[in-house]
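Coordinate analysis (summary)
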Amino acid sequence: MIQDHFLTLVLFSVLVALFFATLYHRDRRSFLLSVAKTLAWMVAGSVALAFVMLWTGR
Amino acid sequence: MAEPFPRWKAYAVSLLTLAVPGLSHWFLGKKARAAAFFGIVIVTFLSGLALHGALFPLTSPNWLFRLGAVAQVGMGAIYAAALALGFGKLGLLEMADAMFGYGNTFLVTAGLMNMLLCMDAFDIAVGRKE
């Protein structure tokens, strides 16, 4: 179940990262950099938030 | 760079995306980008349906669902077709599904992405963006 949640999160992050990189970046290097940065922030941020909720929840 | 379109034509071109995601960019000659946008938005929308997300009607009694509907309407013809074909039903069984929230997020995001595409196409058409 946790795996499903994580895979859904990764799929969502990939789609959003690709969308914004395609919308705002023209050259390959800045495109890939944008995808990597957005993906890293979204996945890491969501996992961090999930852990905060886990630790502070009852 | 091509000659900027007059405003009325730019509005008309940007609205093409409501028929098919990315169609405005295709019409403006950005064919590779149009194909990428089409793929991304359609995969996001279909993932939402596959994850048992709901297509909210604009007449929903819940204001939060109505707000979600405003975002989903951004998918234009595809939202209307999916709703007419009975996809994304909003029922108690669907709402109890563990993936319901994720599905909704995907569907709302697909609609918002498509709205952004309309605005981006408008900017390209009037010459504000390449």
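Scroll up a little and you will see the structure.
Structure report, in brief. (Residues numbered from 1 in each chain as written. Chains lettered and ligands numbered in written order. Predicted model: local features only at pLDDT ≥ 70, side-chain atom pairs only at ≥ 80, totals over all residues.)

This next bit is on the overall build of chain A. If you tally the helices and strands in chain A, you get 2 helices and 0 strands. Taking 2.2 N^0.38 as the reference for a compact globule, 58 residues should give roughly 10 Å; the C-alpha atoms of chain A span a radius of gyration of 14 Å, well beyond that estimate. Reported as C-alpha extents along the three principal axes, the dimensions of chain A are approximately 50 × 20 × 15 Å. Residue burial in chain A is summarised as follows: out of 58 residues, 16% are buried. (Helix = DSSP H or I, 4+ residues; strand = E, 2+ residues; numbered from the N terminus. Rg over C-alpha atoms; globule rule 2.2 N^0.38 Å. Buried ≥ 20, exposed ≤ 12 C-beta atoms within 10 Å, placed from the backbone.)

Before going further, it helps to spend a moment on the interface of chain A and chain B. Each side of the interface is counted separately: chain A has 9 residues, and chain B has 15 residues. A per-class count over the side of chain A that touches chain B returns 7 nonpolar, 2 polar and no charged. (Contact = placed C-beta atoms within 7 Å. Nonpolar A, V, L, I, M, F, W, Y, C, P; charged D, E, K, R; others polar.)

Now for the environment of Leu39(A). Residue and element names in this part refer to chain A. Within the fold, leucine 39 resides in helix H2 (residues 28-56). Overall, leucine 39 belongs to the partly exposed group, with 17 C-beta atoms counted inside 10 Å. For the pair leucine 39 and methionine 53, spaced 14 residues apart in sequence, the C-alpha separation works out to 21 Å. Other than its neighbours up to four places away in sequence, leucine 39 contacts Ser13, Val14 and Ala17.

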